[in-house]
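# Structural overview
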Amino acid sequence: MASRDQRSDLQSPFRRKLLAGMAALPAVSLLPRRAFGAAATAAVNTTGLAVTDDTVTVGILHSVTGTMAISETGSVEAEKLAIDQINASGGVLGRQIKFIQEDGASDWPTFAEKAKKLLVNDKVAAVMGCWTSASRKAVLPVFEQYNGMLYYPTFYEGLEQSKNVIYTGQEATQQILAGLDWVVKEKNAKTFYLLGSDYIWPRTSNKIARKHIENVKQLKVVGEEYFPLSSTQFNSVINKIKLTKPDVIYAIIVGGSNVAFYKQLNAAGIDLNKQTLMTISVTEDEILGIGGENIVGAYACMKYFESLDNPNNKAFVPAFKKMWGETSVIGDVTQAAYLGPWLWKLTVEKAGSFDIDKVAEASPGVEFKGAPEGYVRIHENHHLWSKTRVGRARADGQYDLVYETADLMEPNPFPKGYQ
Amino acid sequence: MDYSLSDLGSIFVMQAFAGLILFSVFVLMALGLAIIFGQMGVINMAHGEFMILGAYVTFLCARGFQTYLPSLFGIYFFVAMALAFVAAGALGMLVEWALIRHLYRRPLDTLLATWGLSLILQQVYRSVFGAREVGVELPKWMMGSINASDTVEIQINGLFVMGLTTLITASVFFLLFRSGWGKQVRAVVQNRVMAGAVGINTEKIDRYTFAIGCGIAGIAGSAFTMIGSTSPTAGQSYIVDTFLVVVFGGTQSLFGTIASALTISQAQSTLEFFLSGSMAKVFTLLTVVGILMLRPQGLFVLKIRR
């Protein structure tokens, strides 16, 4: 027995080489058909992802049914547009992108299940997906366990960083601090009333806002309140606002509550042209439901508005409307979702490989000069360097840009002194 | 904090008014369900979706008037409410015929069936109107507020909801307690077999009762476009409060529904003023749970022999 084992050991290196050579023969015969300049699949994909000689498959994982469909539809549309454009310009490493779309159905365990399906069964090279923090938290262990790459588009509360995620939206300090600085300087604001829906993002964001107002600016917060997500009655808090007369109402209300809040604020005779209100949760998408006449004059603080005046955006907006209809609007998150496929393409081409580890490693420093918001760059911590902007709501549902930071804001997901 | 006395006075007035608006909203929400759940014993989980149907009808009406009859836009809301009643009522009749009438002997199954119906309706709205919220534009006169004094402002749409609620409540009371049809409904509720034996067409009564309950939900949904959002899933945000009001009031008593709406709305709006929004909800629910533990049948019950 022992001698036979030994003999097969001796033989095996040669046999393996021979077999490998034979196996490679069909591939060689395919060579002339492959796109010119594309590297051999075996070289750019050493971990068995869904990459062929002329295609690469990615996943799209958003809710297209359930409560979150309202918000996530725009992200899906932007990602499909980006994929179309990348394919038209020659694809990624000479390969056309195909996508498999899964529906998270606004249900967090479903997100985790579908993420696993995309990574394990479909072996996708990257996933563009998730919207709420809850869905991201649900899929994060899946992406880390099966080593996938997630491009996450939403502005969020920070306090997270993963090798397997690129955060293309702003984290809380990027979105909040510059806006507060601006409103203090510009409006001479001294008192703030903080409002929010009752879950992690508004609470964490208001915590950061409160620390900045009280500790850095030495100003005063006169009220802080949270409402259940389905809340539709705001008359009591509006009365409290009338009583405390804050210089700034700082509102992080989301979803259907948003509509109720602004409609009732307007009905209660609070004119947002006189009462300063700043929000970080109302994009052009939300105004569709709220109605421009109910929110005109409010300030929003984020990194992108559809009305931005730069060459990239002037190409992006018509392309989006051509694909998804003239009446569609583009909010901050939709734009951030559009960055996902592009950043992935640029990273893969920088790494020269689809391998997840190489893509993760190559990510820091990747620049995207064609971003509709202007130039962006991936930071060491996998968030984006980006500018922060303040816009003022118009009656037609668009924002006028009133301020933008001179420099790119550094992403700081674990801000010291703000936790 | 130092507030002037006049400030506090005017806030008190406005706060009382906020409580009254909430009261009207609760009554309007719950009235349709009180008829269906209380009188017929059908647990209608799709109540919110019938409301949203009314909201979408209002949205279509607003669009239609803007395009074809811009000169009459100021009064479109009344047309929209009438159409919302008809549309939701017609759908209610269809649902009763296709689904509910097979389940009268199995009340718990109606819960599952109507929950399924609510999911189906949500997806239908999503496919037809898109997943995003739609904005319903209001005529100018319905926006803003009346200045009763320098500091007291009364919201016009609040007044409108209060007026509407009064009108509909009065109509329902007249219909149920002063008309021949109402007598038949009450007879069927109390004893279906005997009502049938004395010649009442119970199937027809059931169908119309269900349709009217749904129709009122449609009107409520139409009115709520003034204060809330219109999206495929917006109905979900009303359903819990609606059941709370109906169950707390005692399912079979319409008077109980109104009393419970008053209690819950005043508690909530007062607590919201002194605590924060979420905590107010917690304390309101705790109070309701506490009272229901002591009085499982709700605030008011009909005294009938079983």
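Residues numbered from 1 in each chain as written. Chains lettered and ligands numbered in written order. Predicted model: local features only at pLDDT ≥ 70, side-chain atom pairs only at ≥ 80, totals over all residues.

### Brief notes about the pairing of strand E1 (residues 55–62) of chain A
Residue and element names in this part refer to chain A. Test applied: Counting other C-beta atoms within 10 Å of its own, a residue is labelled buried from 20 upward, exposed at 12 or fewer, and partly exposed in the gap between, with every C-beta atom placed from the backbone. Strands here mean DSSP runs of E at least two residues long; helices mean DSSP runs of H or I at least four residues long; both are numbered from the N terminus. By the convention used here, strands pair only if DSSP detects at least 2 bridges between them. Handedness rule for crossovers: strands pointing away from the viewer, path from the first strand over the helix to the second running clockwise, crossover right-handed.
In terms of residue burial, E1 counts as a mostly covered element, since six of its eight residues are buried. With eight bridges connecting them, E1 and strand E2 (residues 96–103) associate as parallel partners. Considered in E2, the bridge of His 62 is made with Asp 103. Where the polypeptide runs from E1 across helix H3 (residues 69–88) and back to E2, its parallel neighbour, the crossover connection is right-handed. Across three bridges, E1 lies against strand E3 (residues 127–129) in parallel orientation. Each residue of the ladder has a partner; that of Ile 60, found in E3, is Met 128.

### Details of the interface of chain B and chain A
How big an interface is tends to be stated in terms of accessible area lost as the parts join. Condition: Two residues form a contact once the distance between their C-beta atoms, set from the backbone, is within 7 Å. Gly counts as polar in this scheme, as do all residues outside two lists: the nonpolar Ala, Val, Leu, Ile, Met, Phe, Trp, Tyr, Cys and Pro, and the charged Asp, Glu, Lys and Arg.
At the interface, 40 residues of chain B touch 35 residues of chain A. Among the elements of the structure, helix H1 (5–40), helix H4 (107–129), strand E2 (153–155), helix H5 (156–177), helix H9 (236–249), helix H10 (254–274) and helix H11 (277–294) of chain B are those that each provide at least two residues to the side of chain B that touches chain A. Counting residues per element, the side of chain B that touches chain A draws most heavily on H1(B), at seven residues. Residue classes in the side of chain B that touches chain A are distributed as 14 nonpolar, 18 polar and eight charged.

### Considering the confidence of the model for chain B
All names here are of chain B. We count it as follows: Per-residue confidence from the predictor is reported as pLDDT, a score between 0 and 100.
With 97% of its residues at a pLDDT of at least 70, chain B reaches an overall mean of 86. Across chain B, helix H3 (residues 76–98) holds the top mean pLDDT of 94, while strand E1 (residues 145–147) sits lowest at 78. Interface predicted TM-score (ipTM) for the complex: 0.81; the corresponding pTM is 0.83.

### Description of H11(B)
All names here are of chain B. Filter applied, for reference: One less than the number of residues in a helix, times 1.5 Å, gives the span that helix is expected to have. Summarising the geometry, the arc corresponds to the directions from the helix axis toward the C-beta atoms.
Taking 1.5 Å as the rise per residue, H11 with 18 residues should run 26 Å; its terminal C-alpha atoms sit 26 Å apart, in good agreement. Of all the positions in H11, only Gly 277, Ala 280, Lys 281 and Thr 284 are classed as buried. The buried residues of H11 all sit within an arc of 100° when viewed along its axis, so they share a single face. Structural note: H11 exposes Leu 286, Val 289, Gly 290, Met 293 and Leu 294 on the side pointing more than 90 degrees away from its buried face.

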